[in-house]
Amino acid sequence: MRTAMILAAGRGERMRPLTDTTPKPLLQVRGKALIDYHLEKLANANIERVVINHAWLGEQIVDHVRCGEFAGLDIVFSAESPVLETAGGIVKALPALTKDNAREFIVVNGDVFSDVDFTQLPDSLGEDLAHLVMVDNPEQHPRGDFYYAQGRLNTDGHTRLTYSGIGVYHVAMFSHLHPVRAPLAPLLIDAIEQRRVSAQHHQGEWNDVGTPDRLAALNQGGANAGLG
């Protein structure tokens, strides 16, 4: 079974006041909720099960998704209180993500908007622990996140790119952890130091809907807003 997770538990502080009443994944981009784009693309990529974590105004996310039509998807919700951050949220969701012996799964930040083709993500990671989609560094994140060269991420190099918030992960990266509040970055850095992270450089449309101004620019057809 091919599985995926949409990270939708964040409070969205930088998006206030919009997120005071609407969770960030339900904000409208070009007439449709952000999370709908992810669910439709995952269904088109033959993903069978999608786990969605939620916390702030999570009942709105549950109601919205249950009212939608996302052909063929078995959608599971993972409620968090308090929010467990990215790694902690993934660990809590592992029983659903790895049901039926799934070993790899896609993870997508619920607040990004892009034309990344999920069908082009690897089905198997081999000996790697992760495969990340990287993008050019946006204006508000000029230093990037990781060094990229020839389809791999490294601890040093010449080209430093930004993690898009879209990746494929192996269960072994999380199976030794407990479902407590924990960020993802230290796990990624450790895996990169082990030379066990592959990557692809996406040069199409990609936006992190991180502020009201970025959302407005995106709805007006502006350029990539980037990941902050």
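It should be emphasised that the depicted structure is a prediction, and the values quoted were computed from it without experimental measurement.

Attention now goes to the overall build of the protein. Of the regular secondary structure elements, the protein holds five helices and 13 strands. Along the first, second and third principal axes, the C-alpha set of the protein runs to 40 × 40 × 30 Å. For the protein, with 228 residues in total, the buried portion stands at 51%. Expressed as a percentage of contacts within the protein between residues at least 6 apart in sequence, the contacts between residues at least 24 apart total 74%. Just so you have it, the protein exposes about 10500 Å², and 48% of that area is on carbon and sulfur atoms. In the protein, 20 positive and 28 negative side-chain charges are present, and the distance between their average locations comes to 3 Å.

A few words now on the pairing of strand β4 (residues 49-54). With six of six residues buried, β4 lies mostly within the body of the structure. By the alternation rule, side chains of β4 split into Arg 49, Val 51 and Asn 53 and Val 50, Ile 52 and His 54, which are all buried. The sheet contact formed by strand β1 (residues 3-8) and β4 spans six bridges and is parallel. Counterpart to Ala 8 in the pairing with β4 is His 54. The pairing of β4 with strand β5 (residues 74-79) spans six bridges and is classified as parallel. The partner of His 54 across the bridge, within β5, is Ala 79.

To continue, consider the pattern of salt bridges. Pairing is possible between side chains of opposite charge, provided their charged atoms come close. The final tally for this structure, using the stated rule, is nine salt bridges. Its salt-bridge partner being Lys 24, residue Asp 111 comes within 2.8 Å of it at the nearest N-O pair. Taken together, the residues span a long stretch of sequence, with Asp 111 in the loop between β6 (104-109) and β7 (112-114) and Lys 24 in the loop between β1 and β2 (28-29) at a distance of 87 residues. Like Lys 24, Asp 111 is buried. Salt-bridge contacts for Arg 214 lead to Asp 208; the nearest nitrogen and oxygen are separated by 3.0 Å. The pair formed by Arg 214 and Asp 208 is uniform in burial state, with each residue classed as buried.

This part covers unusual backbone geometry. In terms of backbone geometry, most residues other than glycine have negative phi values and most peptide bonds are trans. Here Ser 81 and Pro 82 are connected by a cis peptide whose omega angle stands at 5°. One can find Pro 82 in the loop between β5 and α3 (85-97). A positive phi is found at Asn 46, a non-glycine position, where the angle reads about 65°. With respect to the element layout, Asn 46 can be found in the loop between α1 (34-44) and β4. Of note in this structure, Glu 85 is not a glycine but carries a positive phi near 65°. Inspection of the secondary structure assignment puts Glu 85 in helix α3. Residue class for Glu 85 comes out partly exposed when judged on its relative accessible area of 32%.

Once that is clear, we can look at the packing of α1 against helix α2 (residues 58-67). Between α1 and α2, the least distance of the axes is 11 Å, while the angle of their chain directions is 45°. Overall, the two elements α1 and α2 adopt an arrangement that is oblique. Considering the relative orientation of α1 and α2, their crossing is right-handed. Contacts between α1 and α2 involve Ile 35, Asp 36 and Leu 39 on the former and, on the latter, Ile 61, His 64 and Val 65. A breakdown of the residues in the contact of α1 with α2 according to their chemical character gives four nonpolar, one polar and one charged.

Further remarks concern the pairing of β1. Counting buried residues in β1 gives six out of six residues, a clear majority hidden from the surface. Here β1 shows no split at all, with Thr 3, Met 5 and Leu 7 on one side and Ala 4, Ile 6 and Ala 8 on the other all buried. Bridge count for β1 against β6 is five bridges, and the pairing is parallel. Bridging from a neighbouring strand, Leu 7 pairs with Asn 109 of β6.

If you look at the biggest cluster of nonpolar residues, it comprises 32 residues, and the most contacted ones within it are Ile 90, Phe 105, Leu 132, Leu 153, Tyr 169, Met 173 and Phe 174. Counting residues per element, the ones that place at least two in this core are β1, α3, β6, β8 (130-135), β9 (146-149), β11 (160-170), α4 (185-193) and β12 (197-201). Examining the composition of this core, we find that seven residues originate from one element, α3, more than from any other. Residues contacting Leu 132, with those up to four places away along its chain left out, are Phe 146, Leu 153, Tyr 163, Ile 166, Gly 167, Tyr 169, Leu 188, Val 197, Ser 198, Ala 199 and Gln 200.

What counts, and at which threshold
- Residues numbered from 1 in each chain as written.
- Predicted model: local features only at pLDDT ≥ 70, side-chain atom pairs only at ≥ 80, totals over all residues.
- Heavy atoms only, no water.
- Helix = DSSP H or I, 4+ residues; strand = E, 2+ residues; numbered from the N terminus.
- Buried < 20%, exposed > 50% of the residue type's maximum accessible area, 1.4 Å probe, protein only.
- Contact = heavy atoms within 4.5 Å.
- Areas by Shrake-Rupley, 256 points an atom, 1.4 Å probe, with all protein chains shown as cover.
- Lys, Arg positive; Asp, Glu negative; His and termini not counted.
- Charge placed at Lys NZ, Arg CZ, Asp CG, Glu CD.
- Pairing = 2+ DSSP bridges.
- Salt bridge = Lys/Arg side-chain N within 4 Å of Asp/Glu carboxyl O.
- Axes fitted to C-alpha atoms, helices over the stretch in contact; angles between N-to-C directions.
- Parallel < 35°, antiparallel > 145°, perpendicular 65-115°, else oblique.
- Left-handed = near helix turned anticlockwise from the far one by under 90°.
- Nonpolar A, V, L, I, M, F, W, Y, C, P; charged D, E, K, R; others polar.
- Core = buried A, V, L, I, M, F, W, Y, C linked by side-chain atoms within 4.5 Å.

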